[in-house]
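Chain by chain, the residues run as shown.
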Number of protein chains: 2
Amino acid sequence: MEINLNKHISGQFNVELEQIRNDVLKMGGLVEQQLTNALNAVNNFDHDLAKQVLENDIHVNKMEVKIDEACTRIIAKRQPAASDLRLVLAIIKTITDLERIGDEAERIARVALESFNKAQQEFLVSMDNMGRKATTMLHDVLDAFARMDVDAAFEVHQSDKALDKEYEGITRQLMTYMMEDPRSIPKVMDVLWSVRSLERIGDRCQNISEYIIYFVKGKDVRHTSEDDIKENVL
Amino acid sequence: MEINLNKHISGQFNVELEQIRNDVLKMGGLVEQQLTNALNAVNNFDHDLAKQVLENDIHVNKMEVKIDEACTRIIAKRQPAASDLRLVLAIIKTITDLERIGDEAERIARVALESFNKAQQEFLVSMDNMGRKATTMLHDVLDAFARMDVDAAFEVHQSDKALDKEYEGITRQLMTYMMEDPRSIPKVMDVLWSVRSLERIGDRCQNISEYIIYFVKGKDVRHTSEDDIKENVL
């Protein structure tokens, strides 16, 4: 992408675009940290870490607003066209998904503030496993964004299938457990919502990978099958 | 807003902006119909209507892509500034939320394809009640969008509190029921996910009302308390 970005007549425009890209990566890094912390908090019943996640969400929100403003300014001032415009629009959408992933991390952190008995803690282990997968997806899609690598983005897109499968497995397991021990239902429901949050995080990583493909290839691949993307876009 | 829209030197630009606004309203109308149909399908166990909702989701998706493309084209060609640019950006975000509301309607429609016993049907009644509230929110926010009426948009924003309260009530009720009759858990979970979908639809209507306020007032009010919006923005 370097070559493309250096094409601009205005050096200042380059600097501005680079700045926004960096801010997105910074925001992504913060969201990734939030998710990791939320999962660690659940795993270790670490109330302090959970509270830290809740407190830090405001920084994620502020970055979203700041980057969004910078994007609007750049459109108004620089009147970007073609791939520059696609980059700015892809960023506007990416930060929305990043902010929502931050919200899901917050929801997960709240579970760490609950107390669980030994048997219930077992589910937190399987959730931790799924959490790792979701974190990897987020990490990889941010990496693909940094390098604007469509193949890496498409790999993330495909990996959501495995996350969905794991989600279904855990959901079934949790329902069985609730049926066997109905008193545990409120607690298990908390875990279930967190597992659902992880599943949604996977969907949002898929969205981001679609924006990367849109920017690089100039094609909107939302609502397009992976076979179609593979054959006709990549 | 008419006055503002008519200010443009280029009559053609006016026509294009009006066209996009109309398309958003058309898309909103379709999504509203999808939600109404999904709720009616659940209420009357109408499999045909449910299937129709599932089939029609593709039209919602297509409208999103089409409007998004039109917005990108208008930015590239017309280089809008100030309120015109805000309108286009507000539309880009609005259609994302509308599309996701369509997805939630699809999820709700799937419940209509299940079968429920008499006792379980009771929950569908309370869900129907909440569904009506969510439909009203969607209707009202689309109406506020059509007139670009910030006060109406803010009213929708405030009404989400009531929906959240209802959501909590139904969730508690459903959990109690699951504890009393554990065999019903898988069925009740389906209802629970639908109720969650309705709660999310309320959040998305809130998002749209924030975009309306952003367009009209030029202030980004996401992550801002309602008291703050009332005092400093409206």
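Okay, so let's go over this structure. Nothing here was measured: the structure is a model prediction, and the numbers come from that model.

Within chain A one finds eight helices and zero strands. When the elements of chain A are put in sequence order from the N terminus, they spell out α-α-α-α-α-α-α-α. By the compact-globule yardstick of 17 Å for 234 residues, chain A fits well, its C-alpha radius of gyration being 20 Å. Its C-alpha atoms put chain A at 65 × 40 × 20 Å along the principal axes. Per-residue burial for chain A yields a buried fraction of 58% across its 234 residues. Counting every atom, chain A has about 10,100 Å² of accessible surface; 48% of that belongs to carbon and sulfur. Computing the positive centroid from 30 side-chain charges and the negative centroid from 41, chain A places the two 3 Å apart.

Let's shift gears to the nonpolar core. In this structure, M189 of chain A together with M189 of chain B are the most contacted members of the largest nonpolar core, which totals 160 residues. For M189 of chain A, the contacting residues outside a window of four places in its chain are M178 of chain A together with M175, M178, M189 and L192 of chain B.

Looking now at the packing of helix α2 (residues 11-44) of chain A against helix α4 (residues 82-111) of chain A. Think of two packed helices as two axes; the pair is described by the angle between the axes and how far apart they sit. Residues and elements named next belong to chain A. Where α2 contacts α4, the two axes come as close as 9 Å, and the packing angle between them is 15°. Taken as axis vectors, α2 and α4 run roughly parallel relative to one another. Where α2 crosses over α4, the two elements pack in a sense that is left-handed. Considered class by class, the residues forming the contact of α2 with α4 number 20 nonpolar, four polar and three charged.

Taken together, the contact between chain A and chain B spans 37 residues of the former and 37 residues of the latter. Summed over both sides, the interface between chain A and chain B buries roughly 3,400 Å², with carbon and sulfur atoms accounting for 62% of that surface. Area buried by chain A at its contact with chain B is led by M179, W193 and H223 of chain A, which between them contribute 17% of it. Run the count over chain A and chain B and you get nine residue pairs in polar contact (both at pLDDT 80 or more). Of all the secondary structure elements, the ones that give two or more residues to the side of chain A that touches chain B are α3 (47-78), α4, α6 (150-180) and α7 (185-217) of chain A. Ranked by residues supplied to the side of chain A that touches chain B, first place goes to α7 of chain A with eleven residues. Residue composition of the side of chain A that touches chain B, grouped by class: 18 nonpolar, five polar and 14 charged.

Think of it as a corkscrew move, a rotation about one axis and a shift along it, taking one chain copy to the other. Rotating chain A by 180° and moving it 0.0 Å along the rotation axis overlays it on chain B with an RMSD of 0.0 Å. In short, the pair behaves as if placed about a two-fold rotation axis. Judged by C-alpha distance, Q79 of chain A is the residue of chain A that lies nearest the rotation axis, at 2.9 Å. Both copies share a contact surface, since 100% of the interface residues of chain A are interface residues in chain B too.

Turning our eyes to something else, we now look at the packing of aromatic side chains. Residue and element names in this part refer to chain B. Inspection of the entire model under this criterion finds five aromatic pairs over all chains. Ring centres of F45 and F116 lie 6.2 Å apart, and the angle between their planes is 45°; on these two criteria the pair is classed as tilted. Of this pair, F45 sits in the loop between α2 (11-44) and α3 (47-78) while F116 sits in the loop between α4 (82-111) and α5 (118-147); the two residues are 71 residues apart in sequence, bridging distant segments of the chain. F45 gets classed as partly exposed once you look at its relative accessible area, which sits at 28%. In this structure, K187 is placed above the aromatic ring of F116, and the distance from its NZ or CZ to the ring centre is 5.9 Å.

Moving on to α2 of chain B. Its 34 residues place the ends of α2 of chain B 49 Å apart at the C-alpha level, agreeing with the 50 Å of an ideal helix rising 1.5 Å per residue. Just past α2 of chain B, the residue F45 of chain B takes up positive phi, approximately 45°.

Parameters and conventions
Residues numbered from 1 in each chain as written. Chains lettered and ligands numbered in written order. Predicted model: local features only at pLDDT ≥ 70, side-chain atom pairs only at ≥ 80, totals over all residues. Heavy atoms only, no water. Helix = DSSP H or I, 4+ residues; strand = E, 2+ residues; numbered from the N terminus. Rg over C-alpha atoms; globule rule 2.2 N^0.38 Å. Buried < 20%, exposed > 50% of the residue type's maximum accessible area, 1.4 Å probe, protein only. Areas by Shrake-Rupley, 256 points an atom, 1.4 Å probe, with all protein chains shown as cover. Lys, Arg positive; Asp, Glu negative; His and termini not counted. Charge placed at Lys NZ, Arg CZ, Asp CG, Glu CD. Core = buried A, V, L, I, M, F, W, Y, C linked by side-chain atoms within 4.5 Å. Contact = heavy atoms within 4.5 Å. Axes fitted to C-alpha atoms, helices over the stretch in contact; angles between N-to-C directions. Parallel < 35°, antiparallel > 145°, perpendicular 65-115°, else oblique. Left-handed = near helix turned anticlockwise from the far one by under 90°. Nonpolar A, V, L, I, M, F, W, Y, C, P; charged D, E, K, R; others polar. Buried area = accessible area lost by both parts, 1.4 Å probe. Polar contact = N/O pair within 3.5 Å; in protein donor to acceptor, adjacent residues only side chain to side chain. Least-squares fit on C-alpha atoms with pLDDT ≥ 70 in both. Phe/Tyr/Trp six-rings, centres within 6.5 Å; stacked < 30°, edge-to-face > 60°. Lys NZ or Arg CZ within 6 Å of the ring centre and 35° of its normal. Expected span 1.5 Å × (residues − 1).

Keep in mind these values describe shape, not function.
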